[in-house]
Structures are given as C-alpha cells and as structure tokens.
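One-letter residues, chain by chain:
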Amino acid sequence: MVGKSVVTLDDLSTNQILEMLHKAEYIDAHRKEVSHTCEGRVLATLFYEPSTRTRLSFETAMLRLGGKVIGFAGAQLASVTKGETISDTLKTVSNYVDVVAIRHPKEGAALVASRAASVPVINAGDGGHMHPTQTLADLATLQSRFGRITDLTVGLCGDLTFGRTVHSLIETLCRFGNVRFILISPDELKTPQYVIDRINATPTCSYVEVRDLASVIGDLDVLYMTRVQKERFFNEDDYLRLRDTYILDEEKLSLAKPHMAVLHPLPRVNEIAVEVDDDPRAAYFEQVKNGMLMRMALESSVVGDDLPGYEPLNPKEVQA
Amino acid sequence: MEVTSIVNGIIIDHVPAGTSLKVLEYLKIDPSKTKLALIMNTTSKRFGSKDIIKIEDDKDIDLDVLGFVARQATVDVVRGGRIVEKKQPHLPEHVVGVIKCVNPRCVTTSEHDIKQMFHLVHSDRLEYRCDYCDEEAKL
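Residues numbered from 1 in each chain as written. Chains lettered and ligands numbered in written order. Predicted model: local features only at pLDDT ≥ 70, side-chain atom pairs only at ≥ 80, totals over all residues. Heavy atoms only, no water.

- An unreviewed UniProt entry annotates chain B as Aspartate carbamoyltransferase regulatory subunit originating from Bifidobacterium olomucense.

- Named according to an unreviewed UniProt entry, chain A is Aspartate carbamoyltransferase originating from Bifidobacterium olomucense.
- Of the comments in the UniProt record for chain A, the one headed Pathway (unreviewed entry) reads "Pyrimidine metabolism; UMP biosynthesis via de novo pathway; (S)-dihydroorotate from bicarbonate: step 2/3."
- What UniProt states about chain A under its Sequence similarities (unreviewed entry) heading is, verbatim, "Belongs to the aspartate/ornithine carbamoyltransferase superfamily. ATCase family." (UniProt positions renumbered as here; feature names shortened; annotations may be inferred.)

Pasting the structure below:
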C-alpha cells in the first residue's frame, strides 16, 4: 500500500481492508509503541469545506503517530479564492508533505487531487460522493463489537436514498459477503436501485425493505441510524407523520437484542434520543475512536512506515 | 428520395432516426466545412427508421465515439463508387472528451483544465458513468 491513494474503498482489496482492521486493533492496544512510527512525516489536511470532526481525526491520527500536520480549513482561506485549481494546489503541496487528506464539496475532487499529487492522497469526503474512511470506521466498529464483519444482520434506518455512508457500507459489506440487510425507510427515501443491484449480485447477501423500525429491531445485530431530513419530503405532513418512526429511543431499544450495536455516522440531530447514549449498545462514539485508529492505520501504511512490533495478518487467515 | 452516390468517402448507416446532426457534432465533423449528405428518418428493415450520413472524401471516423453515441451504426468505406470495407463500431470501455457530465456538483464543472472522462459500467444497458462523480452519462 506504500504510495497508494485512497479515493474510494475500491482502491483497497478486501485483504488490504482486513489488514487495516487488524492494524487498527494493534494500534489501539499499543499506542505508546506506535507513537514514533511516522516521526519526520508531515500530513497536509486540505479542507475546502469545514468538517471539524473529520479534520481533527485525520490530524490527531498523524500526531499520535509522531508526525506533524499542516493545512487549511475552509476554501476562503486557501489560494482557491485566487483561482488556483485543485491540481495546481496538489502539485505544490506534494513538495511539502508525505501524505494529503482532502475534503472538497465537489464530487470527484479527490480523484483529481490524487492524479495531480506525487504523494498519496486520502479522500476525506468529496461532496455527496465518497467518504472511504467513514466506512472504515464503521467496519472497525463491527469488528471490535463482534470480532467479524460477516454473518451479521445489519439494519440500516432512515434516509437510505441520499446517505452516502449507507451506500458505501452496503457495497463494502457485499465484498465480504454473508450479510443480511434490513433496509428500514419511508417510501420516499428507499435505497437506490444500484445499491440493491449490488446486494442482488452477491449470492451470500440478501435484503428486505420495511418501513417500521420497531417491527424488525429485534432481529438486528447492527442498527445503522441516519437522519431523516425534513427537506427530503415533498410535503410537511408526510415528514411529521414519519419523523418519529425513525427516532431511536429507549422504548424501541428495549425490543432489541442485548448485544445489538447502534451505529451512526454523526452528527446526529434528534434521530437518536440522548437517553440511548448511556446504553451499552450505543456504539456511535466508539465509531469516532475507530475512525481515528483506522486513519492511523491508513496514514502509516500509505507513507510506508511499519508499526513497531506489528505482525502482518497471515494471508491464509485473511482469506478465511 | 434519391441522393447521388458518392465515389470516394464513407457512409455512416443505421444512425438512430433524427440523431445524425448530433452524431456529426460528437464526431467533430463540421457540416459547414464538409461535403456531405444527410438522409433523415428513412425506412430501415432492421430498425424501422434510420438516418444515413454520406461523406464525400476521406474522413477519419472515431469508431469509439460512434459506438458510444450510435451503437447500432455501421461505417461503409467507399472507393471508386463501391463499398470496399464495412466497419462496425464497438462499445468503448472509456470515453474521453466527448460529452460533459450533467451533475452540477461534479468537479468537472469547476476544474476546467481536466478532461471529461466516462467509463462503461453496463454494456447491455449502455450505461456509462463519469470517472469523477459516478453520475450516469446523458447524451
């Protein structure tokens, strides 16, 4: 993976994704040992739109590996206001740093950046298109909760039409197989056909589409919540009628399995009641930690710095 | 309807009815600077109706572009008034610099020095998607 850019998760093989999960677990258990891994390295965080949590996660990941960070947050601060192209910015910044994390409102911006840069580029979100490290955080959370990312019943709830994290998670889980998806959404916000096609093309995966969360929550190992936004509805009555159906509270959670994990890409608004935070099944803040660990795994891997004491995953184990 | 035969040149046949001007545009053939005849919406045994483009003089036709914009079309090469070669375009895997992405959020709308690039996703559905934002191509 040395020198490799990660624009979408398709840039990583399933073995490489499993290796990243393994590395993240190792990093979590050996934080002190890995704290000098990237000494002398510099990460640039080029954030053309604000995303405080994602930027802090990328930056903390490099700092915890012993590296340093430069960058900007908000296009108004950048030379883009003077008309510089993404390509030119990346050609310039490549001379300064060892790895770049880019966030940009335009879809496909990370690909443009990766083609222009001479150092690895990690996509930190390009508009509504891709956000691969979010999906890595989701996978790491499943791995830490269940010790596996297969043989699970995964419920995805809320806005399944526009939620890129949902599409990316489904597509990535399909690459590993053996997942049963329960797609819980109002008719207005159902899963797009190309994502359904992806599930259908995976013989070991299946799906059902339902409208009511409470009726299926007892079957789930994982509940991935997303926000149902008012502006997605044609009329307010429909929104008001459906809004509460997709809010997770203690009452609905009481119907769930004792070891179900609740995930959410954050930020939440009101779709998960605050009372749920104290429930051991709430895994969404753990997801944030896993996101940082996966970014540490990714950053150290693409710059080619070995984690001290880390034993790579046995290829046979990877295939199993 | 009769159109004088060409002596040396090419005939693009089985062009979907009504699209020949668009096809010429994609092939970057300027009708104002090229000696050509268009037969539009004529009868086709195979497709019911079709357009035919006859071009006098040699012209390099980009078969990849033709395959992309008019998959069913064929190209006949005419020499001395006779068809000496028939070419069938194939669906190209990649299409570069032919059409623009219609997604207003695509990076190609703001990053003007990059080429418009599409890749074939589904050959039966003739589905192409933008390399950058994955939006489906629209002609």
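Description of the packing of aromatic side chains
Argument step 1. Within this structure, the stated rule accounts for 4 aromatic pairs over all chains.
Argument step 2. Taking 5.4 Å as the distance between ring centres and 70° as the angle between the ring planes, the aromatic pair formed by Tyr26(A) and Tyr310(A) counts as edge-to-face. Here Tyr26(A), found in helix α1 (residues 14-29), pairs with Tyr310(A), found in the loop between α11 (284-303) and α12 (315-319); they are 284 residues apart in sequence, far enough to count as distant.
Argument step 3. Tyr310(A) sits in the buried class, given a relative accessible area of 12%.
Argument step 4. Note on Phe68(B) and Tyr128(B): the rings are 4.7 Å apart at their centroids and 85° apart in plane angle, and the pair reads as edge-to-face. With a gap of 60 residues between them, Phe68(B) in helix α2 (residues 63-69) and Tyr128(B) in strand β8 (residues 127-130) connect regions that are remote in the sequence. (Phe/Tyr/Trp six-rings, centres within 6.5 Å; stacked < 30°, edge-to-face > 60°. Helix = DSSP H or I, 4+ residues; strand = E, 2+ residues; numbered from the N terminus. Buried < 20%, exposed > 50% of the residue type's maximum accessible area, 1.4 Å probe, protein only.)

Let's talk about the nonpolar core
Argument step 1. Core analysis: the biggest nonpolar cluster contains 61 residues, and Leu156(A), Ile170(A), Leu173(A) and Phe181(A) have the highest contact counts within it.
Argument step 2. Broken down by element, the residue count for this core peaks at 8 residues, all from α11(A).
Argument step 3. Built from parts of two domains, this core gets at least three residues from each of domain 1 (14-130 + 288-303) and domain 2 (133-287) of chain A.
Argument step 4. When sequence neighbours within four positions are dropped, the list of residues in contact with Phe181(A) reads Val154(A), Leu156(A), Ile170(A), Leu173(A), Cys174(A), Ile199(A), Cys205(A), Ser206(A), Tyr207(A) and Val208(A).
Argument step 5. In terms of nonpolar packing, the next biggest core, distinct from the first, is built from 54 residues, Val93(A), Ala110(A), Leu24(B) and Cys101(B) among them. (Core = buried A, V, L, I, M, F, W, Y, C linked by side-chain atoms within 4.5 Å. Domains from an automatic or database assignment. Contact = heavy atoms within 4.5 Å.)

Side note on the interface of chain B and chain A
Argument step 1. Listed by partner, the interface residues are 16 residues for chain B and 13 residues for chain A.
Argument step 2. Taken together, the links from chain B to chain A amount to 1 salt bridge.
Argument step 3. Viewed at the interface, chain A and chain B are joined by 10 residue pairs in polar contact (both at pLDDT 80 or more).
Argument step 4. Across the side of chain B that touches chain A, the residue classes tally to 7 nonpolar, 3 polar and 6 charged. (Salt bridge = Lys/Arg side-chain N within 4 Å of Asp/Glu carboxyl O. Polar contact = N/O pair within 3.5 Å; in protein donor to acceptor, adjacent residues only side chain to side chain. Nonpolar A, V, L, I, M, F, W, Y, C, P; charged D, E, K, R; others polar.)

Details of the pattern of salt bridges
Argument step 1. Under the counting rule described, the total for this entry stands at 21 salt bridges over all chains.
Argument step 2. With a shortest N-O distance of 2.6 Å, Arg268(A) and Asp277(A) are connected by a salt bridge.
Argument step 3. Asp277(A) sits in the partly exposed class, given a relative accessible area of 25%.
Argument step 4. Via salt bridges that share partners, Arg125(B), Glu127(B), Arg129(B) and Glu136(B) belong to a single interconnected network.

Considerations on the UniProt feature "binding site: carbamoyl phosphate" (unreviewed entry) in chain A
Residue and element names in this part refer to chain A.
Argument step 1. As annotated by UniProt and renumbered to match this structure, "binding site: carbamoyl phosphate" (unreviewed entry) occupies Arg53, Thr54, Arg103, His131, Gln134, Leu266 and Pro267.
Argument step 2. As for its position among the elements, Arg53 is in helix α2 (residues 52-64).
Argument step 3. Once residues lying within four places of it in the same chain are set aside, the contact partners of Arg53 are Pro265, Leu266 and Pro267.
Argument step 4. Relative to the helices and strands, His131 resides in the loop between β4 (121-126) and α5 (132-146).
Argument step 5. Leave out the neighbours within four places in its chain, and His131 touches Thr54, Arg103, Asn123, Ala124, Gly125, Arg164 and Arg295.

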